[in-house]
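# Per-entry structural report
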Amino acid sequence: MKLLLIGSSTGGPNQLKYLLKDLDVKNTCVVIAQHMSSGYITSFVNQFNQEALSEVVLLNDRELLSHKIYICPQNTILTGNLSITALWQNVQTSFKPSVDLLFKSAVSLAKTHKILAVVLTGMGDDGAKSLLELYRAGAKCLCENEADSVVYGMPKRAKDLNPRLRPMSLKEIKAEISNFIEED
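A brief structural summary. (Residues numbered from 1 in each chain as written. Predicted model: local features only at pLDDT ≥ 70, side-chain atom pairs only at ≥ 80, totals over all residues. Heavy atoms only, no water.)

### So, the sheet that holds strand β2 (residues 28-34)
So the rule is basically this: Strand pairing follows a simple DSSP-based rule, namely that at least 2 bridges must link the two strands. Strands here are runs of E lasting at least two residues and helices are runs of H or I lasting at least four, both read from the DSSP assignment and numbered beginning at the N terminus. It only takes one pair of heavy atoms within 4.5 Å for two residues to be counted as in contact. Axis angles are defined between N-to-C directions and span 0 to 180 degrees, where every axis is a line fitted to C-alpha atoms and, for a helix, only to the segment in contact.
Judged by pairing direction, the sheet is parallel, and its seven strands sit side by side in the order β3-β5-β2-β1-β8-β9-β10 without closing on themselves. Every other strand in the sheet has two partners, leaving β3 (56-58) and β10 (167-168) as the edge strands with one partner each. Relative to strand β5 (residues 69-71), β2 is paired through three bridges, and the arrangement is parallel. The partner of Val-30 across the bridge, within β5, is Ile-69. On the sheet, helix α2 (residues 38-51) packs against β2, β3 and β5 and is oriented at approximately 160° with respect to β3. This element, helix α4 (residues 128-136), spans β1 (2-8), β8 (115-119) and β9 (140-144) of the sheet and lies at about 155° to β8.

### Structural notes on the nonpolar core
Here is the rule: By nonpolar core is meant a set of buried Ala, Val, Leu, Ile, Met, Phe, Trp, Tyr and Cys residues that side-chain atoms within 4.5 Å join together. Three exposure classes are used, based on accessible area relative to the maximum for each residue type with a 1.4 Å probe and protein chains only: buried under 20%, partly exposed in between, and exposed over 50%.
Among the nonpolar cores identified, the biggest contains 31 residues, and Leu-5, Val-31 and Leu-78 are the most heavily contacted of them. If you list the elements that add at least two residues to this core, you get β1, β2, β7 (84-88), α3 (99-106), β8, α4, β9 and α5 (154-161). Non-local contacts of Leu-5, meaning those with residues more than four positions away in its chain, are made with Val-31, Leu-78, Leu-102, Phe-103, Ala-106, Ile-115, Leu-116, Ala-117, Val-118 and Leu-134. Core analysis: the second largest hydrophobic core is formed by 28 residues, Val-30, Ile-41, Met-168 and Ile-173 among them.

### Focus on the state of the cysteines
Threshold: Note on disulfides: each one is a pair of cysteine sulfur atoms within 2.5 Å.
Under the definition given, this model contains zero disulfides. Unpaired in terms of disulfides, Cys-29 finds its nearest cysteine sulfur in Cys-72, a separation of 9.5 Å. On the accessibility criterion, Cys-29 (0% relative accessible area) is buried. Given a relative accessible area of 1%, Cys-72 falls into the buried group.

### A look at the side chain of Thr-76
Short version of the rule: Pairing of N or O atoms within 3.5 Å defines a polar contact, subject to two protein rules: one partner must be a possible hydrogen donor and the other a possible acceptor, and residues neighboring in sequence count only if both atoms are side-chain atoms.
Here Thr-76 is to be found in strand β6 (residues 76-80). On the basis of relative accessibility, which here comes to 1%, the residue Thr-76 falls in the buried class. A distance of 2.8 Å separates a polar atom in the side chain of Thr-76 from the backbone oxygen of Gln-74. Once you skip the residues sitting within four places of it in the chain, Thr-76 turns out to touch Leu-59, Ala-86, Leu-87, Trp-88, Leu-101 and Leu-102.

The structure is reproduced here in C-alpha cells:
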C-alpha cells in the first residue's frame, strides 16, 4: 500500500479539498494531520466526504488503514509492516493533531511502503523536522510555496531545514499526488 501523508494548518482545509476532492485514491492510503479544534473536525470531515470522489473519514484509534482519506482528530502515530494501524497518542504537543508526531512515526514504514509526504500552509514549524527524517529515509517529500500558502510558516521551516526541497504551487503538488497514486 502506498501512503500519502499531509500536514497543514491555517488555510489547510480549502487547500486539502483542492488537492484531493476529485482524486480516486485507488491503492493509496491518505492520512492528514490538519490543525483544527475537535469541535470543528467532524463537520469538516462530513463536508469533505460529501464533496470528494474518494471516501473521507475521521481516523479512529487502533484503525487498520485502507484506501481512504483519513483525517486525524487527535495526535496519531502509524505502526506496522505490511499493514498499517493508526494509534492515538495522548502526548502533549504544541499543535494538535501533531504533524511531526504523525510523520516521525512513518519513518520506519519507508522501508516497506512508498511514501509521499507534504507540508502545506500553516504557522509555526510543525512537520518540518520529521519531513526531513522522512526524506532521509527515502520518502518523496514536498512543501508548498510562499505564493500559494495562506501562512508560509510550516513550509518555509521545512525548506529551511532541507534546502533540497523545492517549494511547489498547489497545482504542482496536485500533479505530484496524481502521479504518485497512478504509478505502480
